[in-house]
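# Observations on the model geometry
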Amino acid sequence: MLELVLSCILLAVTPCLGSFTSVTCQDLDGVGSFNTTCTLNSNLRFDSDVFVHGAGNLIILAHVSVDCPIQGCTIAFNVSGTIHVSRSARILAGSVILSAVNLTMEGNSSVYATALAGPPPSQTSGTPVGEDGAGGGHGGRGASCVRSGVTTYWGGDVYSWSSLDDPWSYGSEGGVRLKGGGGGGKGGGRVKVILKDTMILNGSVTADGGDSGEDGGGGGGGGSGGSICIRAVKLKGYGKISASGGRGWGGGGGGRISLDCYSIQEDVRVLVHGGASIGCPENAGAAGTYFNAELSSLRVGNDNMTTETETPLLDFPTRPPWSNIYVDNRAKVLVPLLWTRMQVIGQISLYRGSSIVFGLSNFPVSEFELVAEELLMSNSVIKVYGALRLVTKILLMLNSVIKIDGEGNPAVPPSVLEIRNLVVLTENSIITSNANLGVYGQGMLTLTGPGDAIKGQRLSLSQFYNVTVGPGSILQAPLDDNESKNAVTHALCESKTCPIDLISPPDDCHVNNTLSFSLQICRVEDILVSGIVKGSIIQIHRARTVVVTDEGLISASEFGCSGGLGKGLYSNGTGSGAGHGGRGGRGIFNGRVCNGGHTYGDPDFPCELGSGAESPYKSYGNVIGGGMIVIGSIHFPLSTLNLRGSLSSDGQSLGKPITNGNGSLVGGVGGGSGGTILLFLQMLELSKNSSLSVQGGRGGPLGGGGGGGGRLHFHWDMLHTGDEYFPVATVKGSISNRGGSGDNGGHFGKEGTMTGKKCPKGLYGTFCLECPIGTFKNVEGSDKRLCTPCPPEHLPSRAKFVYVRGGVSEPFCPYTCVSDKYRLPNCYTPLEELLYTFGGPFPFTLLLSCVVIVLGLLLSTLSIRLLKSSFYGASSIEHQSAHCLPHLLSLSEVRGAKSDVTQTHAYRMYFMGPNTFREPWHLPYSRPHAIIEMVYEDAFNRFIDEVNSTAAYDWWEGSVHSILSVLANPCAWSWKQWRRRRKIHRLQEYVKSQYDHSCLRSCRSRALYKGMKVGATPDLMVGYVDFFLGGDEKRVDMVSIIQKRFPMCILFGGDGSYMSPYSLHSDALLTNLLGQHIPPSVWHRFVAGLNAQLRTVRHGSIRSALLPVIRWVNSHGNPQLEFHGVRIELGWFQATASGYYQLGILVFVGDFPLNTVNQSASFSRSDDESPRNSSACPSNSLIELQQNLIQPGHGLSRKRINGGINGGLINEISLQSLDYRRDLLYPFSLLLNNTRPVGRQDTLLRLISILLLADLSVTVLALLQFYWLALAAFFAILLIFPLALLCPFPAGLNALLSKEIRRASLTRVYALWNATSLTNVVVAFVCGVIHSVFFSDQLSDKTNIWNAIRDDDKWWVLPTILLLLKWIQARFLDWHVANLEVSDFSLLCPDPDTFWAYESGA
């Protein structure tokens, strides 16, 4: 049954086999059976057709040949299994049929039907006629080496086109060549392979045409290739399938191959190229056809063999259409029909030198349709004789050409290229037509670079989203020849009417001969021109944006009329320039004159081509004027024209001289006139180095007149006014409408016109700019003179006319202040607004002064009453003494002191150091002589360690003080005093209750915790530990202890600063001790007088300030004290490693002789020497004593005074060697210092109250002024130091309204805040200078500049007033503090007698 089915198939595919012989495996000398497996192991040669049929497998062993070398002989193997052709095996016959499930062909194996063709179909003309040695034809034409002019002949023609998908035709024999004496090569045979599954091809299947002659070099033509048809599921391997033409005098055409395989491995080579031509190597046979039946795709490839012979494609199926058509490797395809439709559902691809020709050159009136998804071209050509309609989604061209030749026949319809998605031309790709051409699409059209072009007689690009003309690429219509230009322009050159289709073009963008444009870009969103767009009448319609880059050019130059309404004439031996927007220049040659062409057209709406100028001889041709460029339309203006390159419509210039018949020169031809540029725009951006030009051409030599300038018109759309206005043009490039220059005496052409749409109110000029600031325009028009200056009567001095968007359309012109710092309507500063609210600076100053004085008087009255009530409310002597001498507050304890405490007091041990965070108090480890017998040495040292540890400050306390010193110095002083007070309390609590007094020898003192007490001066600058006898010490000698007290050192409190002046603090204990030698009233008077002198001593100038104190002690103090046997000397004591020392007095009691005192001040005093010799102290001996005592200074050693305190005496001689240091705050001491009292306390309080309120007022006004100058300056003044500028007012109120006992200290705090705020005033000066130098207003108007400078110069007034107020306050506060602290002026009496006359009052 299977044999019958396979036989039917064989009969169906081989209808022309006739009778055949069926053989068995044994008949073929094989092993096995065809129903199982038949192995052929020996060569076979047949003389007739052979048919093999079986249900098994066939194996042909290596190097075995199965041949039937007779023309048209058939070998057919039809098995149900597998056919295996081993290495180097061969099946040779004119027709080979293989039918199986699988076919395997090993390396170098072959199915060979080359040059074994039987007769081709009788109706074909594959074998060439004649004796020219032409090649045979089949799938492609055979080549012919016969030429006649430009016409190329071919040999045998093609046939069997209808069986393209199932070819079964023999190739044709090549033609004979009589002169060569040889016949043509035979045609190729036929091969059909029918498989149910896979074909593995590592060998070859060939049905090539035969070469002519034995060696292929004979005289005949080559045979054409045969037919190969393979049907399988898979085709694998690296073998070859070939139906190529044979080699001959004229190469044979390729055959036909059809592969119907679901999968084809790319390594399989399929060849259908034509045969090589010996007689004309450049013209091989035409390529055959390779049809992929599975994909319905056709490939025509010539294997890179150069040919001029085409492969005709005679018909194209439409139901269903083919999927792809590939033409490559120098193949040439011809569609020789008058009308056809080539439609595929995939690609039409042309590669590597291939081409497709539609139509015949003798009949260029055909119409062709090319429909595909993609048209891909690389180094290829499509040529159309007639018209082409291309419909595709993608057109990609690489170094390729589409040329449409309609021979300019108006009967030929326009060619239309409809590419919906993408058009890309690159590397010298060209689309050209000498007839009308339309390119339509919906995506992008890109000409990428140099050589890319689209040219046509009339060209329309429409409906693209984007059109890009790359650098060096060209869009052009018409073509460059004069005939093409005249065909487009002749209808408009003599017409005085404007074509309506240029102003209001039809909505359907199409191209035909009735329309006026030559190049139209229509319904394109964005156009980017980096190359050249040129034509006679360029119209860009219904586009959104047009961008012309630096390299871009849109040009109608020299594409206008050769004649025209303003034509330049040539008469009297010379030529004149053509006219248009400007009259053409006169031509002058040898005294003869020719008038220039006239102007024509409407300057407000130009729509004409530029005119040319005639020449004396037709051979030279006329000079051509500029063309016309219309961008946009009335109803659809262009959104934006961004011009960075050039847009020109210039007239032509003829540069060569003209000669007559005898060779002599004649007058030159005039220049062509500029054309027209008509722009319907919403916005124009003309960048730097760009140009917009309608210039006239230059006159030719000799004496030619220049062409007149053209016409340029901007028809603006949507000219918004008022707040909706935006500039319609940004012009940074050049715009030229000048006439061309004349040559050698010829006149220049006149300037053309440049106009714009009439501007609405507030706008003027061609580009409808806003009227200049300070002018208004309340009528329509474009003349700048319509912008009228605004009346300046109501303009404030600090104001300027302000820019108004859309211009000013009314006589009243808005204005603004010269700076945003001023406020409308009068352009005042905030401070000036305040001033002028009260009538101006002088009335405001007067009013403010009155208010400040009244409030100051009320405040001072309240302060005085509080002061008097506080002073007179206390009637006790203690309060009066404290009021007079605030540094002697403890003197009130004198009368209440107990005598036993005085008698048991042994020694006062002072702390060393200034009691600061850097250098806290500390006690020395050396035991004074007075207490050596009272304490245990080791326990005393431990006590010193514990006390020094307690006296030390924590790190955070110093950190807080450092921060406050930077941010708020008065707060730092308050913080330091608070921590000092806490430290004293801790020391007192420690000695009183926590320490067990274990260092004391007295059991009674240890038991009662009463052997030591800690005290300090009221200013907390000097601390001390008092040691007392317990009464149960061994060998207590009271007289000896009392004698050891003197000379007694009493240290001054304070440090000579403003807040802590030097003062002598005499508590009850000291008063009682000295009261044994001096009456208390004398001592009190002396202390009060000494403190009055000490308070003016400043540490920074201690050498000069301490001298009056020394003289006062010598003149007022010692004479009275010596009367009672006591003498006082100033000294320095307890110098530390940091250089700090303390001042004080050394009290000598008259019982001590001078030499004893001298000895006691030295290291070598003996304990056995008598401490008392005489009470007399001659003055000369005292001076000698003072000179012998050590002095403070660098390099001096320290000695002990009274066996316990380091130091030395200070006199007028030693004072100059006294060291002192000045800290960073020393400059403030020049402003803050303790002075002598001046009295007039009530008046002083009133003045301080007034100054306090004036300071606050000026401070607020200054802050308001600097807030106006700059916010940064305002915060800088306010926050450096933070709020120091405002704190003096609350501090002053607190001082003025406080009680009398605290008023002096609070007044010092007030003065300190006042001095600190000077830093803020300095910051104000710095900010003002910076503002004046770097941030002052720079204005163009001179008046406003003067006002601004004058205003900037005023910033220093208020800071200067504030500086003066603070300086005056500082002086008044110093006097006020002096009045509070020294209310008894007799203390400063220069006469000693008068001073001591008030002793009882003290």
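Bear in mind the structure is a predicted one, so any value in this text is a computation, not a measurement.

The rules behind these values
- Residues numbered from 1 in each chain as written.
- Predicted model: local features only at pLDDT ≥ 70, side-chain atom pairs only at ≥ 80, totals over all residues.
- Heavy atoms only, no water.
- Helix = DSSP H or I, 4+ residues; strand = E, 2+ residues; numbered from the N terminus.
- Buried < 20%, exposed > 50% of the residue type's maximum accessible area, 1.4 Å probe, protein only.
- Contact = heavy atoms within 4.5 Å.
- Areas by Shrake-Rupley, 256 points an atom, 1.4 Å probe, with all protein chains shown as cover.
- Pairing = 2+ DSSP bridges.
- Axes fitted to C-alpha atoms, helices over the stretch in contact; angles between N-to-C directions.
- Parallel < 35°, antiparallel > 145°, perpendicular 65-115°, else oblique.
- Left-handed = near helix turned anticlockwise from the far one by under 90°.
- Nonpolar A, V, L, I, M, F, W, Y, C, P; charged D, E, K, R; others polar.
- Patch = residues over 30% accessible without salt bridge, like charges linked within 9 Å, V, L, I, M, F, W, Y side chains within 5 Å.
- Salt bridge = Lys/Arg side-chain N within 4 Å of Asp/Glu carboxyl O.
- Disulfide = S-S within 2.5 Å.
- Phe/Tyr/Trp six-rings, centres within 6.5 Å; stacked < 30°, edge-to-face > 60°.
- Polar contact = N/O pair within 3.5 Å; in protein donor to acceptor, adjacent residues only side chain to side chain.
- Lys, Arg positive; Asp, Glu negative; His and termini not counted.
- Charge placed at Lys NZ, Arg CZ, Asp CG, Glu CD.
- pLDDT = per-residue confidence, 0-100.

### Concerning the overall build of the chain
- Each helix and strand in the chain was counted, giving 25 helices and 75 strands.
- In the chain, which comprises 1402 residues, the proportion classed as buried is 56%.
- For the chain, long-range pairs separated by at least 24 residues make up 66% of all intrachain contacts whose partners lie at least 6 apart in sequence.
- Surface accessibility of the chain: about 57,800 Å² in total, with carbon and sulfur atoms responsible for 55%.

### Thoughts on the sheet that holds strand S68 (residues 1012-1016)
- Taken together, the 3 strands give an open sheet; going across it, the order is S67-S69-S68, and neighbouring strands pair in antiparallel fashion. With partners counted over all chains shown, the strands left at the sheet margins are strand S67 (905-910) and S68, one partner each. Ignoring strand direction, the axes of neighbouring strands in this sheet form an average angle of 25°.
- Sheet topology note: the S68/strand S69 (residues 1023-1028) ladder contains 5 bridges and is antiparallel. Bridged to Met 1012 within S69 is Phe 1027.

### So, the packing of helix H19 (residues 1241-1269) against helix H21 (residues 1288-1296)
- At their nearest, the axes of H19 and H21 sit 10 Å apart, and the two run at 160° to each other. Classified by the interaxial angle, the pair formed by H19 and H21 is roughly antiparallel. For the pair H19 and H21, the sense of crossing is left-handed. Every residue of H21 that contacts H19 at Leu 1245, Ile 1248, Ser 1249, Leu 1252, Leu 1253 and Leu 1256 is listed here: Pro 1288, Phe 1289, Gly 1292, Leu 1293 and Leu 1296.
- Along the lines of polarity and charge, the residues of the contact of H19 with H21 split into 9 nonpolar, 2 polar and no charged.

### Looking at a nonpolar patch on the surface
- A cluster of nonpolar side chains, contributed by Tyr 1267, Leu 1271, Phe 1275, Leu 1279, Ile 1280, Leu 1283 and Leu 1286, occupies part of the molecular surface with about 630 Å² of accessible area.
- In terms of residue count, helix H20 (residues 1271-1279) provides more of the nonpolar patch than any other element does, 3 residues in total.
- Looking at the secondary structure, you find Leu 1283 in the loop between H20 and H21.

### Some points on the packing of helix H8 (residues 937-951) against helix H10 (residues 969-994)
- One can describe the packing of H8 onto H10 by two numbers: an axis separation of 9 Å at closest approach and a directional angle of 150°. The orientation of H8 with respect to H10, classified from their angle, is roughly antiparallel. By crossing handedness, the relation of H8 to H10 is classed as right-handed. Where H8 approaches H10, its residues Phe 943, Glu 946, Val 947, Thr 950 and Ala 951 are matched on the opposing element by Lys 983, Arg 986, Leu 987, Tyr 990 and Val 991.
- In terms of residue class, the contact of H8 with H10 is built from 6 nonpolar, 1 polar and 3 charged.

### What to know about the state of the cysteines
- Applying the stated criterion across every chain yields a total of 10 disulfides.
- A sulfur-sulfur separation of 2.1 Å characterises the disulfide bridge that pairs Cys 145 with Cys 280. Its S-S torsion of about -75° marks the bond between Cys 145 and Cys 280 as left-handed, since a negative value means left-handed. Of this pair, Cys 145 sits in strand S14 (residues 143-148) while Cys 280 is found in the loop between strand S22 (269-271) and strand S23 (289-292), placing the two residues 135 residues apart along the sequence.
- Judged by its relative accessible area of 5%, Cys 280 is buried.
- The disulfide partner of Cys 493 is Cys 561, and the S-S distance across this bridge is 1.9 Å. Here Cys 493 and Cys 561 share a disulfide; its torsion about the S-S bond, -100°, makes the bridge left-handed. With a gap of 68 residues between them, Cys 493 in helix H2 (residues 482-493) and Cys 561 in the loop between strand S46 (553-555) and strand S47 (570-571) connect regions that are remote in the sequence.
- The class for Cys 493 is buried, based on a relative accessible area of 10%.

### Some points on the pattern of salt bridges
- What the rule picks out here adds up to 30 salt bridges.
- Where Asp 157 meets Arg 141, a salt bridge forms, and the shortest distance between an N and an O atom there is 3.2 Å. Taken together, the residues Asp 157 in the loop between strand S15 (151-154) and strand S16 (190-195) and Arg 141 in the loop between strand S13 (110-112) and S14 connect sequence positions 16 residues apart.
- Residue Glu 957 pairs with Arg 979 through a salt bridge whose shortest N-O separation is 2.6 Å.

### A look at the pairing of strand S35 (residues 415-426)
- Of the strand pairs in this sheet, strand S33 (residues 381-398) and S35 are connected by 9 bridges, and their pairing is parallel. Directly across from Arg 389, in S35, lies its bridge partner Val 416.
- The pairing of S35 with strand S36 (residues 430-441) spans 5 bridges and is parallel. Opposite Glu 418, over in S36, you have Tyr 440 as the bridge partner.
- Pairing geometry for S35 and strand S37 (residues 444-447), over 4 bridges, is parallel. By the bridge assignment, Val 424 is partnered in S37 with Thr 446.

### Focus on the sheet that holds strand S7 (residues 65-67)
- Judged by pairing direction, the sheet is parallel, and its 7 strands sit side by side in the order S4-S7-S10-S13-S18-S20-S22 without closing on themselves. The sheet terminates laterally at strand S4 (44-45) and S22, the two strands that pair on one side only.
- Sheet analysis places S4 next to S7, joined by 2 bridges and oriented parallel. Residue Leu 44 lies in a different strand from S7, and its bridge partner there is Val 66.

### A short note on the environment of Asp 47
- If you trace the backbone, Asp 47 turns up in the loop between S4 and strand S5 (50-54).
- For the pair formed by Asp 47 and Pro 69, sequence separation is 22 residues and the distance between their alpha carbons is 7.5 Å.
- With residues up to four places along the chain from it excluded, the contact list for Asp 47 reads Cys 68 and Ile 70.

### Side note on the pairing of S33
- Alignment of strand S30 (residues 355-358) against S33, held across 4 bridges, turns out to be parallel. Residue pairing across strands places Ile 356 opposite Ile 382, the latter belonging to S33.
- Inspection of the sheet shows strand S31 (residues 366-371) paired to S33 by 6 bridges, in the parallel sense. Following the sheet pairing, Phe 368 is matched in S33 by Leu 388.
- In the sheet, strand S32 (residues 374-378) pairs with S33 via 5 bridges, with the strands oriented parallel. Bridged to Glu 374 within S33 is Ile 394.
- Across 5 bridges, the pairing between S33 and strand S34 (residues 401-405) is parallel. Looking at S34, one finds that Lys 383 is bridged to Lys 403.

### So, the packing of aromatic side chains
- A full pass over the atoms with the stated rule returns 30 aromatic pairs.
- Consider the rings of Phe 291 and Trp 322, whose centres lie 5.6 Å apart with planes at 55°: the pair is tilted. Note that Phe 291 is positioned in strand S23 and Trp 322 in the loop between strand S25 (311-312) and strand S26 (324-328), a separation of 31 residues in sequence. Comparing Phe 291 with Trp 322 shows no difference in burial state: the two are buried.
- Between Tyr 828 and Tyr 836 the ring centres are 4.5 Å apart and the planes differ by 10°, which places this aromatic pair in the stacked class.

### Let's talk about the environment of Val 1309
- Topologically, Val 1309 is positioned in helix H22 (residues 1300-1334).
- The spacing of Val 1309 and Pro 1288 is 21 residues in sequence and 8.9 Å in space, taken between C-alpha atoms.
- For Val 1309, the residues in contact, after removing those within four places along its chain, are Trp 973 and Met 1059.

### As for the side chain of Asn 1211
- As for its placement among the helices and strands, Asn 1211 is situated in the loop between strand S75 (1205-1209) and helix H18 (1226-1229).
- Within the structure, the side chain of Asn 1211 is placed 2.9 Å from the backbone nitrogen of Ile 1213, a separation counted as a polar contact.

### Here we look at a positive patch on the surface
- Among the surface-exposed residues, Lys 992, Arg 1004, Lys 1010 and Lys 1013 lie close enough to one another that they form a single positively charged patch.
- For Lys 1013, a relative accessible area of 47% translates into the label partly exposed.

### A look at the side chain of Asn 1379
- Summarising the element assignment, Asn 1379 is placed in helix H24 (residues 1357-1381).
- On the accessibility criterion, Asn 1379 (8% relative accessible area) is buried.
- Side chain to side chain, Asn 1379 and Gln 1241 meet in a polar contact 2.9 Å long.
- With sequence-adjacent residues up to four places away left out, Asn 1379 is seen in contact with Pro 1237, Val 1238, Gly 1239, Gln 1241, Leu 1244 and Phe 1385.

### Some words on the confidence of the model for the chain
- On average, residues of the chain score 84 in pLDDT, and 88% of them are at 70 or above.
- Confidence drops under a pLDDT of 50 for residues 871-898, and excluding neighbours within four residues, the segment shows 46 contacts in the predicted structure.
- In the predicted structure, residues 1152-1203 sits below a pLDDT of 50 and forms 102 contacts with residues beyond four places in sequence or in another chain.

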